[in-house]
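Inside the fold
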Amino acid sequence: MEAAAIPLLTPYKMGQFELSHRVVLAPLTRQRSYGNVPQPHAAVYYSQRATKGGLLITEATGVSDTAQGYADTPGVWTPEHVEAWRPVVDAVHARGAVFFCQLWHVGRVSTYAFQPGGAAPVSSTDRGVAPQTSPDGHVEEFSPPRRLAKEEIPGVVDDFRRAARNAVDAGFDGVEVHGANGYLIEQFLKDSANDRDDEYGGALENRCRFALEVVAAVAGEIGAHRVGVRLSPFTDYMDCHDSDPEALAMHMATKLGELGVLYLHMIEPRMALVDGRRRVPHRLRPFREAFKGTFIAAGGYDRAEGNKVVEEGYTDLVSFGRLFLANPDLPRRFELDAGLNKYDRATFYTSDPVVGYTDYPFLADEVAA
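Rules of the game
Residues numbered from 1 in each chain as written. Predicted model: local features only at pLDDT ≥ 70, side-chain atom pairs only at ≥ 80, totals over all residues. Heavy atoms only, no water. Helix = DSSP H or I, 4+ residues; strand = E, 2+ residues; numbered from the N terminus. Rg over C-alpha atoms; globule rule 2.2 N^0.38 Å. Buried < 20%, exposed > 50% of the residue type's maximum accessible area, 1.4 Å probe, protein only. Contact = heavy atoms within 4.5 Å. Areas by Shrake-Rupley, 256 points an atom, 1.4 Å probe, with all protein chains shown as cover. Lys, Arg positive; Asp, Glu negative; His and termini not counted. Charge placed at Lys NZ, Arg CZ, Asp CG, Glu CD. Core = buried A, V, L, I, M, F, W, Y, C linked by side-chain atoms within 4.5 Å. Polar contact = N/O pair within 3.5 Å; in protein donor to acceptor, adjacent residues only side chain to side chain. Axes fitted to C-alpha atoms, helices over the stretch in contact; angles between N-to-C directions. Parallel < 35°, antiparallel > 145°, perpendicular 65-115°, else oblique. Left-handed = near helix turned anticlockwise from the far one by under 90°. Nonpolar A, V, L, I, M, F, W, Y, C, P; charged D, E, K, R; others polar.

**As for the overall build of the chain**
The helix and strand inventory of the chain stands at 12 helices and 17 strands. Since a compact globule built from 369 residues should have a radius of gyration of about 21 Å, the 20 Å found for the chain is in line with a globular shape. Expressed as lengths along the three principal axes of its C-alpha atoms, the size of the chain is roughly 65 × 40 × 40 Å. Here the chain holds 369 residues, and 57% of them are scored as buried. Long-range pairs, those at least 24 residues apart, make up 72% of the contacts in the chain between residues at least 6 apart in sequence. As displayed, the chain has an accessible area near 14700 Å², and 52% of this comes from carbon and sulfur atoms. Measuring between centres, the 38 positive side-chain charges of the chain sit 3 Å from its 50 negative side-chain charges.

**A look at the nonpolar core**
If you look at the biggest cluster of nonpolar residues, it comprises 88 residues, and the most contacted ones within it are Tyr46, Phe210 and Leu256. No other element matches helix H6 (residues 209–222), which puts nine residues into this core. Membership of the second largest hydrophobic core comes to 13 residues, among which are Leu19, Val98, Leu262 and Ile296.

**Thoughts on the environment of aspartate 302**
For aspartate 302, the location among the structural elements is in the loop between strand S16 (294–298) and helix H9 (303–311). For aspartate 302, a relative accessible area of 27% corresponds to the partly exposed category. Counting along the chain gives 93 residues from aspartate 302 to arginine 209, while the straight-line C-alpha distance between them is 35 Å. Within polar-contact distance, the side chain of aspartate 302 engages the backbone nitrogen of glutamate 305 at 2.8 Å.

**Describing the environment of alanine 67**
Structurally, alanine 67 can be placed in the loop between strand S5 (61–62) and helix H2 (79–94). Relative accessible area serves as the criterion here: at 0%, alanine 67 is assigned to the buried category. Spatially, the C-alpha atom of alanine 67 lies 28 Å from that of alanine 50, the residues being 17 residues apart in sequence. Filtering out sequence-adjacent residues up to four positions away, alanine 67 remains in contact with Gly62, Trp104, His105 and Val106.

**A look at the packing of helix H1 (residues 40–48) against H2**
Viewed as axis vectors pointing N to C, H1 and H2 meet at an angle of 25 degrees, and their least axial separation amounts to 8 Å. In terms of axis orientation, H1 runs roughly parallel to H2. Once H1 is placed against H2, the crossing between them reads as right-handed. Residue-level contacts link Ala42, Ala43, Tyr46 and Ser47 of H1 to Trp85, Pro87, Val88, Ala91 and Val92 of H2. Tallied by class, residues from the contact of H1 with H2 come to eight nonpolar, one polar and no charged.

Read these as spatial facts, not as claims about activity.
And the structure:
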């Protein structure tokens, strides 16, 4: 008799999509889209991680020429971008997977060098991001931003709408609106960054207005059944934190539920040390219950924790970042409870089209070796 599937490998119906398991590829910036154009090696990378009925989310993808803040991140705002994405999407669909494009605007997390005409990056505020030190000791500095005028905001909302249309034209099954990690949408959401005194600042409802306008515009363009949203209310990334993250998360979860979007993808608070072991804090349940649609939990999960939260009904799906980056056959490894490749942090953001990108071995390769 065949053993019952572990919870992570049980099927799940996400709206119109029949998923064969609950292991999601998280959006991961890889900086290998030279000149903001997706490359053929991306088709290899994503199709390696595609399984029949699996859900993959792309790396953060710029919605306009002002959305950029890092070298060689992909865009989806020009016809050239759309054409370049098509073979990548086709390669993933050939494996039977579901593929969503994450839509992104970095806001103030940028420099003059990345902006059209050397202009100031745009944001909710004119206060800049403090220099950030990466794990390898590199210090990253950002240019002072320019506060978006109220009358400019509809244009940025429209950039997201047009990018969503482009993504669907490129063949993607849907889009994920990136409202996390200290980028433009979160610069409006969180009170440490948003110091506006118009209808886009101040009270919680006002700070959430831009995010909800973006989601409503995207849903209006391609259908709410093809839209997900990623949020990180508890994180403090790029000087973006909130004085009441629970209230922010609850308001957004409730409003997104009312908009009828397909899924809410939320990042856990930072892991806590319990009995000498790092543990996921599991504080997202109220927001899952308020949202009512498909819920994806993210943030430091492994096989054991992922199985636990799916079995308990805490979440529907679990997204895996670094583990999936280093293990292209992660669902298979989870099924067999096999060992995992270790990820190499030094090659996360390098530009090599193979090393640290498509050269992580599959289980069969290791056995053969």
